[in-house]
Amino acid sequence: MGTPSISVPFLKAVINSGRNVVSVVTQSDKPKGRGHKLTQSPVKEYALLQGIPVLQPKKLSDSSFSDMIRSAEPDYLVVVAYGRIIPVEILQIPKKCPVNVHASLLPEYRGASPIQYAILDGRSYTGVTTMLMTPELDAGDILLQERIDIERDDTSGSLGLKMTVKGAELLLKTLDGLDKGEIVSVPQQHESATYVPVIRKEDGLIKWNDNAENIYNRIRAFDPWPGTFTYYNGTRWMIWRAVILGNCSPLSAPGEIIEAGPDGIVVKTGDAALRITEMQSEGKKRMAAGEYLRGHAVSAGIILNNSMVG
């Protein structure tokens, strides 16, 4: 059971391991683009190429869906970023157990956005967990875990790729260990659990009175989605890359452009300064800030706003 592109390598790994994937469950086709054309999920596309039956139930509680899963007589139910809460009657169907892969070292970062929040919090490491599934969100007993370092320049995109590689390996190790009876599940320490919410587009708004480290982490955490942004004279800028500079004049206001040149655009934050090195203006492609400045006049002294107004 999975939906986005991050789920595909897990499905591929299970298939390549020689296991028989009797069915794939993914979310319904979604309208995308200006034409709102119905588009298959990445998991569905890959499963169909492999000749694997695909189920797309509108309601997981429908008896017809549970009957189809039950008739397949699966040993395991493997869930990777399916995107919906799975009813207990479905979790009880597999002969052995339902297994979930989660992108954190549980019980930390339960919820929808563990990769982004590990970067937002400035963590130097995170990890991936396989666990038994329960009706409560990300609260099942832990099967295996593996730590993953977060590099200083990692984005959610690059960290997600690391998670995918390590996670797929850990999933196969988990299934093999369960087959051999070598894994003893360990209950989570629920009192230590932390939860992270779904990220929204508006969360990408840069608040320049925040400190430089927090802004830098937000830029990395929200790449590739939803991206961070600010406004210059009413024009929205997406900010994709930046570096932290030292202290600057206390006379400058947070959000004030201190200088703009070939190396980028230097902006005052709540405690220091950031140099914007890669950006994207409305309707344009991502580019180096210096390249943008060759075609656009940007003046020092202007304050980047938190909205299109003022």
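Heads up: the structure comes first, above all this text.
Attention here is on the structure that accompanies the text.

Thresholds, definitions, all that
- Residues numbered from 1 in each chain as written.
- Predicted model: local features only at pLDDT ≥ 70, side-chain atom pairs only at ≥ 80, totals over all residues.
- Heavy atoms only, no water.
- Pairing = 2+ DSSP bridges.
- Helix = DSSP H or I, 4+ residues; strand = E, 2+ residues; numbered from the N terminus.
- Axes fitted to C-alpha atoms, helices over the stretch in contact; angles between N-to-C directions.
- Contact = heavy atoms within 4.5 Å.
- Salt bridge = Lys/Arg side-chain N within 4 Å of Asp/Glu carboxyl O.
- Buried < 20%, exposed > 50% of the residue type's maximum accessible area, 1.4 Å probe, protein only.

## Considering the sheet that holds strand 5 (residues 76-79)
Part 1 of the reasoning: Taken in spatial order, the four strands make up an open sheet running 5-6-8-9, and their pairing is mixed. Of all strands in the sheet, those bounded by a partner on one side alone are strand 5 and strand 9 (142-149). Averaged over all neighbouring strand pairs, the angle between strand axes comes to 15 degrees, with direction disregarded.
Part 2 of the reasoning: The pairing of strand 8 (residues 125-132) with strand 9 spans seven bridges and is antiparallel. Following the sheet pairing, Val128 is matched in strand 9 by Glu146.
Part 3 of the reasoning: Where helix 6 (residues 156-180) meets the sheet, its contacts fall on strand 5, strand 6 (97-102), strand 8 and strand 9, and the angle it forms with strand 9 comes to roughly 155 degrees.

## Section: the pattern of salt bridges
Part 1 of the reasoning: Inspection of the entire model under this criterion finds 17 salt bridges.
Part 2 of the reasoning: Residues Asp176 and Arg19 are paired through a salt bridge, measuring 3.0 Å at the closest nitrogen-oxygen approach. Remark: Arg19 occurs in the loop between helix 1 (8-16) and strand 1 (24-25) and Asp176 occurs in helix 6; sequence separation between them is 157 residues.
Part 3 of the reasoning: With a relative accessible area of 37%, Asp176 lands in the partly exposed category.

## Details of the pairing of strand 8
Part 1 of the reasoning: In terms of residue burial, strand 8 counts as a mostly covered element, since six of its eight residues are buried.
Part 2 of the reasoning: Bridge analysis of strand 6 against strand 8 gives four bridges, and the strand direction is antiparallel. Looking at the pairing, Val99 lines up with Leu132 of strand 8.

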